[in-house]
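# Architecture at a glance
Spelled out, the chains give:
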Amino acid sequence: MKFEKLIKGKLVKRYKRFLADIILENGDEITAHVPNSGAMTSCIEDNCDVWLTFHDNPKRKLKYTLELTKMGENLICTNTGVANKIAIEAIENGFIKELQGYDYLKPEQKYGQNSRIDIFLENQNQKCYVEVKSVSLKIDDTLAFPDSVTSRGTKHLNELCDMVEQGHRAVMLYVVQRTDDLPFRLACEIDKKYCEAFKEVTKKGVEVLVYQSSINYETISINKRLDLQI
């Protein structure tokens, strides 16, 4: 996926989850939309380098969107909506081998308990439900999910399990959106209930895939599979 032209700045502060004050390289101070509802622990800090896109849409209150941050030598895509886009791209170009062989792909398909599955795949013989989670948390020498308690994430796990019990295929796909060369694990110290649900549903047949992204100032794409550390 290609980014629209990125504009560099320095973070002043993030607040109210979805807002960030930023000083651009030209000296202008602006407020940007932060498309990330998580804690963003380990991927943002005051005065860090950030990159934004500009959208001159009269319907938008905030013209700038935060896309990337840099922590140390590593780039992080903090826009969680990108994970779905690059997952679909990687399926359609054949990179995610485990999700090939389907004739039909639809994003945001209604299913479960008044929910929408991120990616729905189907062929003559099988329906496959793929839930995508964006990973940006680093804890010590591991990458981890979630970065905060997520009752919504636990609900998604249980709904995937419901699809398995109905005879369908269900996949939990974690997309790491930072460039650290580290293993991936669940952050059970942050959300014990999520981990308990994860263990239960994977015993019942929910599959797990973890893929990491390659990120630069022009593009982001899924580039390698990671193992899950238990």
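The structure under discussion appears in the preceding block.
Our subject in this report is the structure included herewith. (Residues numbered from 1 in each chain as written. Predicted model: local features only at pLDDT ≥ 70, side-chain atom pairs only at ≥ 80, totals over all residues. Heavy atoms only, no water.)

Under the criterion given, the structure shown has 10 aromatic pairs. Summarising the aromatic geometry, the rings of Phe 145 and Tyr 174 are spaced 5.5 Å apart at their centres and angled 55 degrees between planes, so their arrangement reads as tilted. Linking Phe 145 in strand β11 (residues 142-145) with Tyr 174 in strand β12 (residues 169-176), this pair joins segments that are 29 residues apart in sequence. Each member of the pair, Phe 145 as well as Tyr 174, carries the same accessibility label: buried. Its relative accessible area of 10% is what places Phe 145 among the buried residues. (Phe/Tyr/Trp six-rings, centres within 6.5 Å; stacked < 30°, edge-to-face > 60°. Helix = DSSP H or I, 4+ residues; strand = E, 2+ residues; numbered from the N terminus. Buried < 20%, exposed > 50% of the residue type's maximum accessible area, 1.4 Å probe, protein only.)

This next bit is on the environment of Cys 195. Here Cys 195 lies in helix α3 (residues 192-203). The spacing of Cys 195 and Pro 146 is 49 residues in sequence and 9.5 Å in space, taken between C-alpha atoms. Look past the residues within four positions of Cys 195 in its chain and what remains in contact with it is Leu 186, Ala 187 and Cys 188. (Contact = heavy atoms within 4.5 Å.)

In this model α3 runs 17 Å from its N-terminal to its C-terminal C-alpha over 12 residues, within 8% of the 16 Å that 1.5 Å per residue would give. If you check which residues of α3 are buried, you get Tyr 194, Cys 195, Ala 197, Phe 198 and Val 201. Taken down its axis, α3 places every buried residue within 160 degrees of arc, on the same side. For α3, exposure combined with an orientation more than 90 degrees from the buried face picks out Lys 192, Lys 193, Lys 199 and Lys 203. Lining the buried residues of α3 we find β11, α2 (151-165), β12, β13 (184-186), β14 (207-215) and β16 (228-229). Measuring from the side-chain oxygen of the N-cap residue of α3 to the backbone nitrogen of Lys 193 gives 3.3 Å; that N-cap residue is Asp 191. (Expected span 1.5 Å × (residues − 1). Arc of directions from axis to C-beta. Polar contact = N/O pair within 3.5 Å; in protein donor to acceptor, adjacent residues only side chain to side chain.)

Before going further, it helps to examine the pattern of salt bridges. In the structure shown here, the tally under the stated rule is 9 salt bridges. Glu 159 is the salt-bridge partner of Lys 155, the closest N and O atoms lying 3.2 Å from each other. Of this pair, Lys 155 and Glu 159 both sit in helix α2, separated by 4 residues, roughly a single helical turn. (Salt bridge = Lys/Arg side-chain N within 4 Å of Asp/Glu carboxyl O.)

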